[in-house]
Amino acid sequence: MQLRVRDSLVALSLGAVLLGAPRPGHAILGFGPKEPPPPAPVAQVGLVEGPARYQAGGQGAWAPLTMGRKISPSDVVKTDKGGKVVIAFSDGTKVQLGENANFQVEGLEAKKVSLRMTLGLLDAWVAKVKGRKFRIRTPTAVAAVRGTQLQVLVAANGNTDFFCFSGSIGIEPPSGF
């Protein structure tokens, strides 16, 4: 009788191993269904204090910037003396522009976000999103940002200072290496 119980346990163990093993085309082998890419982030004005304006698509007339306005690729945002703007992204990223700043969203895609800061102070809290490239361009440098809290200061002559408070950034010339 003991032999039969042991044979049954061996058969059950072997069956569990076979049923749990990956089958051809199984996702564990790199085939089969994959997770869909994350949606492209949306940027929206969360705060406006003092004088601030925007230029849709980087062309045409300037208009007053208001809370809740969506910021699209190529839109330019400017703050004047005493102005401050916070732009919130749907992925949790947030950027804050200080006074006398000039900022543009170059691209908003699921795998790539590109911002341009040509003058003034920008504080950023960048959410870490797997597989996404997040870049901040200035007249003299490009910063690749990874889950970071940072500050960018661009002087009138284009000189740029980057300050990284957490996470990491890689900085290269604007033309790349």
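Described below are features of the structure shown in this document. (Residues numbered from 1 in each chain as written. Predicted model: local features only at pLDDT ≥ 70, side-chain atom pairs only at ≥ 80, totals over all residues. Heavy atoms only, no water.)

Topic: the packing of aromatic side chains
So, step 1. Across all of its chains, the model carries 0 aromatic pairs by this definition.
So, step 2. In this structure, Arg53 packs its charged tip against the face of Trp62, placed 5.2 Å from the ring centre.
So, step 3. Positioned over the ring face of Trp125 is Lys94, at 4.6 Å from the centre of the ring. (Phe/Tyr/Trp six-rings, centres within 6.5 Å; stacked < 30°, edge-to-face > 60°. Lys NZ or Arg CZ within 6 Å of the ring centre and 35° of its normal.)

Observations concerning the pattern of salt bridges
So, step 1. For the coordinates displayed, the defined rule picks out 6 salt bridges.
So, step 2. Across the pair Arg53 and Asp80 runs a salt bridge whose closest N-O atoms are separated by 3.2 Å. Placement of the pair is Arg53 in strand β2 (residues 52-55) and Asp80 in the loop between β5 (76-79) and β6 (84-89), with a sequence separation of 27 residues.
So, step 3. A relative accessible area of 27% means that Asp80 is categorised as partly exposed.
So, step 4. Glu106 is the partner of Arg137 in a salt bridge, and the nearest nitrogen-oxygen pair spans 3.1 Å. Of this pair, Arg137 sits in strand β10 (residues 133-137) while Glu106 sits in strand β8 (residues 102-108), placing them 31 residues apart in sequence.
So, step 5. Judged by relative accessible area, Glu106 falls into the partly exposed class, the value being 27%.
So, step 6. Taken together, the shared-partner salt bridges connect Glu106, Arg116 and Arg137 into one network. (Salt bridge = Lys/Arg side-chain N within 4 Å of Asp/Glu carboxyl O. Helix = DSSP H or I, 4+ residues; strand = E, 2+ residues; numbered from the N terminus. Buried < 20%, exposed > 50% of the residue type's maximum accessible area, 1.4 Å probe, protein only.)

Quick word on the environment of Gly92
So, step 1. Residue position: Gly92 is located in the loop between β6 and β7 (94-97).
So, step 2. Sequence spacing of Gly92 and Ala43 is 49 residues, and the spatial spacing of their C-alpha atoms is 10.0 Å.
So, step 3. Not counting residues within four places of it along the chain, the set of residues in contact with Gly92 comprises Trp125 and Ala127. (Contact = heavy atoms within 4.5 Å.)

Here we look at the side chain of Thr148
So, step 1. One can find Thr148 in strand β11 (residues 142-154).
So, step 2. A distance of 2.8 Å separates a polar atom in the side chain of Thr148 from the backbone oxygen of Ser168.
So, step 3. Residues in contact with Thr148, not counting those within four places in the same chain, are Ala124, Trp125, Val126, Cys164, Ser166, Gly167, Ser168 and Ile169. (Polar contact = N/O pair within 3.5 Å; in protein donor to acceptor, adjacent residues only side chain to side chain.)

Some points on the environment of Ser114
So, step 1. Structurally, Ser114 can be placed in strand β9 (residues 112-125).
So, step 2. Taking the relative accessible area as the measure of exposure, Ser114 reaches 6% and is therefore buried.
So, step 3. Distance in space between the C-alpha atoms of Ser114 and Lys133 is 8.2 Å, their sequence separation being 19 residues.
So, step 4. Contacts of Ser114, omitting those with residues within four sequence positions, involve Val105, Glu106, Gly107, Arg135 and Arg137.
So, step 5. A distance of 2.7 Å separates polar atoms of two side chains, one belonging to Ser114 and the other to Glu106.

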